[in-house]
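Residue-level structural notes
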Amino acid sequence: MDTSSAHQDREEAERLSTAVGVLADFLSRRPLTPALASLEHRLEGADGTDVIRVAEDGHVVPELLASALTVRESLGRINDLIHACGILLVLPHILKDEERITVRPSLGAGNDPSRPYDLETDQRIAEFKLARWRGSDAMRKRQTFKDLVMLAADTSGRRAELFVIGPEPRRFLTASAATAAWALDRTPGALRTFTTVFGSPSMSVAQFTATHAAHVQITDLRDLLPASVAALLQ
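Residue numbers run consecutively from 1 along every chain, following the written order of its sequence. Note on the predicted model: pLDDT of at least 70 is required for a residue's local features to be given, and 80 or more for side-chain atom pairs to be given and counted; whole-chain, interface and lining totals, by contrast, use all residues. Note that the side-chain values use all heavy atoms of the structure and ignore hydrogens as well as water.

1. Re the pattern of salt bridges
The cut-off we apply is this: Here, a salt bridge means any Lys or Arg side-chain nitrogen found within 4 Å of an Asp or Glu carboxyl oxygen. Secondary structure elements are taken from DSSP: a helix is a run of H or I of four residues or more, a strand is a run of E of two residues or more, and numbering for both begins at the N terminus. The rule is simple: take the accessible area with a 1.4 Å probe, protein chains only, and divide by the maximum for that residue type; under 20% is buried, over 50% is exposed, in between is partly exposed.
For the structure on display, the rule yields 14 salt bridges. Residues arginine 158 and glutamate 120 are paired through a salt bridge, measuring 3.2 Å at the closest nitrogen-oxygen approach. Highlighted residues: arginine 158 in the loop between helix H6 (138-153) and strand S3 (159-164) and glutamate 120 in strand S1 (residues 119-120), separated in sequence by 38 residues. Taking relative accessible area as the criterion, glutamate 120 reaches 10% and is therefore assigned buried.

2. Brief notes about the pairing of strand S2 (residues 124-128)
As a reminder of what qualifies: Between any two strands, at least two bridges found by DSSP are needed for them to pair. Here the term right-handed applies to a crossover when the path leading from its first strand over the helix to its second strand runs clockwise, the strands being oriented away from the viewer.
Counting buried positions along S2 yields 5 of 5 residues, so the element is predominantly enclosed. Across the two faces of S2 the burial is the same, with Arg124, Ala126 and Phe128 and Ile125 and Glu127 all buried. In terms of strand pairing, S1 meets S2 through 2 bridges, oriented antiparallel. Looking at S2, one finds that glutamate 120 is bridged to isoleucine 125. Connecting S1 to the next strand, S2, in antiparallel fashion are 3 residues. Two elements, S2 and S3, share 5 bridges in a ladder whose sense is parallel. Across the sheet, glutamate 127 pairs through a bridge with leucine 162, a residue of S3. Each parallel crossover has a hand, and the one from S2 via H6 to S3 is right-handed.

3. What about the side chain of aspartate 220?
How we decide: Whenever a nitrogen or oxygen atom comes within 3.5 Å of another N or O atom, the pair is scored as a polar contact, on the condition that within protein one atom can donate a hydrogen and the other can accept it, and that pairs from neighbouring residues in sequence are kept only if both atoms are in side chains. Working rule for contacts: check all heavy atoms of both residues, and any pair within 4.5 Å makes them a contact.
Structurally, aspartate 220 can be placed in strand S4 (residues 217-220). One polar contact links the side chain of aspartate 220 to the main-chain amide nitrogen of glycine 166, over a distance of 3.1 Å. Contacts of aspartate 220, omitting those with residues within four sequence positions, involve Val164, Ile165, Gly166 and Pro167.

4. Thoughts on H6
Spelled out, the test is: By this rule the span expected of a helix is its residue count minus one, scaled by 1.5 Å.
The end-to-end C-alpha distance of H6, which contains 16 residues, comes to 23 Å, matching closely the 22 Å that a straight helix rising 1.5 Å per residue would cover. For H6, every residue scored as buried is listed here: Arg142, Thr144, Phe145, Lys146, Asp147, Leu148, Val149, Leu151, Ala152 and Ala153. Those residues of H6 that are buried lie in contact with S2, S3, helix H7 (168-175), helix H8 (180-183), helix H9 (188-197) and helix H10 (205-210).

5. Describing unusual backbone geometry
In this structure, histidine 59 is a non-glycine residue whose phi angle is positive, near 60°. Position of histidine 59 relative to the elements: it lies in the loop between helix H3 (48-57) and helix H4 (62-74). Of note, the phi angle at glutamate 98 is positive, near 70°, even though the residue is not glycine. The class of glutamate 98 is exposed, set by a relative accessible area of 61%.

6. Considering the nonpolar core
Stated formally: Throughout this description, the term nonpolar core refers to a set of buried Ala, Val, Leu, Ile, Met, Phe, Trp, Tyr and Cys residues connected via side-chain atoms within 4.5 Å.
Within the largest apolar cluster, 26 residues are counted, with the highest numbers of intra-cluster contacts made by Phe145, Leu148, Leu173, Phe194, Phe208 and Val216. Among the secondary structure elements, those contributing two or more residues to this core are H6, S3, H7, H8, H9 and H10. Filtering out sequence-adjacent residues up to four positions away, phenylalanine 194 remains in contact with Phe145, Val149, Ala180, Leu184, Gly199, Ser200, Pro201, Met203 and Phe208. By size, the runner-up hydrophobic cluster in this structure holds 13 residues, among which are Ile87, Val90, Phe128 and Leu233.

Written out as structure tokens, the structure reads:
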């Protein structure tokens, strides 16, 4: 790395550090949800002068917005970092003696065609879903089912595993009456795989899980992650 690039990287890191500090200071005063609710209530019936006072009292200043934008820009791929950390922290606990990773793992969220699974070893294939489900999870349901389908369609004979967070993904996969066609309607490639390997997608998610995907092991990552992390995912 040349001197100018190193200097630019240091400046960017300093800006991010400062921005994170500004956000941390704002959030330390009051959790975000009640803070926003308070601002909303105070703005009802306000005129322009009142708005200025409400913003000042709530510490909503240009520096706060600039900091939030800086953090969003810099940490826009935070999900990739969470995904990578989760996999790396779990791998030592699941790899068996003499088991070797055979394909460059997909640590970032999402897969490319040359690496269809997050993890491939000489003994297993695996997908990792590190999102917590919070009620309205249609997209998470679709993505999780898509991963289950692709794992179940593998013909290599290796162990297939789906790692999730919490009981909700397993509950959806084992009990949902939604059809496979619905679950795969946003991923045409996976739908083609389904119809080629398993037939009509009119069967329910639960039926597929109980039959074609019965061999895919579903594991709650909270049982494998360090206790300090698992506690945050309860």
